[in-house]
Amino acid sequence: ILNDECLRPKGNDEAFVYKVKTIHKESGSLVSDLLHRPTEFEICHFAGNVKYDAAGAVERNTDQLPKVLLDCAVTSANGLIKAGFQKAATVLAMQQ
């Protein structure tokens, strides 16, 4: 779920937590608490409940190519490489 949210151009922590809670709402391990902040979720582990705060999780887990490598790929003479990386370069430019 986190990987999917990291790939979205406007992926964010709140959407990640919402999806976790929606997808796993039937799980006996996910604790539902109305007092959780939008970036918090809670898991019932064998030793007790543990609350997690996903603030910053999407940003920390976004794997981006170094700009130098991306620039090199976009200017490649190989059409397949060039085309494949142009989309990534466009997405990166939109995020900045």
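For the structure itself, look to the data block above.
Definitions and limits used
- Residues numbered from 1 in each chain as written.
- Predicted model: local features only at pLDDT ≥ 70, side-chain atom pairs only at ≥ 80, totals over all residues.
- Heavy atoms only, no water.
- Core = buried A, V, L, I, M, F, W, Y, C linked by side-chain atoms within 4.5 Å.
- Buried < 20%, exposed > 50% of the residue type's maximum accessible area, 1.4 Å probe, protein only.
- Helix = DSSP H or I, 4+ residues; strand = E, 2+ residues; numbered from the N terminus.
- Contact = heavy atoms within 4.5 Å.
- Pairing = 2+ DSSP bridges.
- Polar contact = N/O pair within 3.5 Å; in protein donor to acceptor, adjacent residues only side chain to side chain.
- Phe/Tyr/Trp six-rings, centres within 6.5 Å; stacked < 30°, edge-to-face > 60°.

Draft legend 1. The arrangement of the nonpolar core in detail. Cys6, Phe16, Val17, Val20, Leu30, Phe41, Ala54, Ala57 and Val58 form the largest nonpolar core, which has nine residues in total. Considering every element that reaches this core, the biggest residue donor is helix H2 (residues 13-23), with three residues. Setting aside residues no more than four positions away along its own chain, Cys6 makes contact with Val58, Asn61 and Thr62.

Draft legend 2. Expanded view of the sheet that holds strand E2 (residues 40-45). Taken together, the three strands give an open sheet; going across it, the order is E1-E2-E3, and neighbouring strands pair in antiparallel fashion. The open sheet terminates on both sides in strands that have one partner only, identified here as strand E1 (30-31) and strand E3 (48-53). Both E2 and E3 contribute to a ladder of six bridges, which runs antiparallel. By the bridge assignment for E3, His45 is matched with Gly48.

Draft legend 3. Structural detail: the pairing of E2. Judged from the two bridges that link them, E1 and E2 form a sheet pairing that is antiparallel. Paired with Leu30 across the two strands is Ile43, which belongs to E2. What sits between E2 and E3 in their antiparallel hairpin is a turn of two residues.

Draft legend 4. Summary view of the environment of Val17. Among the secondary structure elements, Val17 is positioned in helix H2. When the C-alpha positions of Val17 and Thr39 are compared, they lie 5.8 Å apart, and in sequence the two are 22 residues distant. Once residues lying within four places of it in the same chain are set aside, the contact partners of Val17 are Pro38, Thr39, Glu40, Phe41 and Ala54.

Draft legend 5. Up close: the side chain of Glu5. By secondary structure assignment, the location of Glu5 is in helix H1 (residues 2-7). Residue Glu5 is classed as buried on the basis of its relative accessible area of 0%. Separated by 3.0 Å, the side chain of Glu5 and the backbone nitrogen of Asn12 make a polar contact.

Draft legend 6. Local environment of the packing of aromatic side chains. Enumeration according to the criterion identifies two aromatic pairs in this entry. Here the aromatic rings of Phe16 and Phe41 are separated by 6.4 Å at their centres, their planes lie at 85 degrees, and the arrangement is edge-to-face. A residue pair is termed long-range when its members are at least 10 positions apart, and Phe16 in helix H2 and Phe41 in strand E2 qualify at 25 residues. The same class applies to Phe16 as to Phe41, namely buried. Judged by centre distance (5.4 Å) and plane angle (20 degrees), the ring pair of Phe41 and Tyr52 falls under stacked. One end of the pair, Phe41, is in strand E2; the other, Tyr52, is in strand E3, with 11 residues separating them in the sequence.

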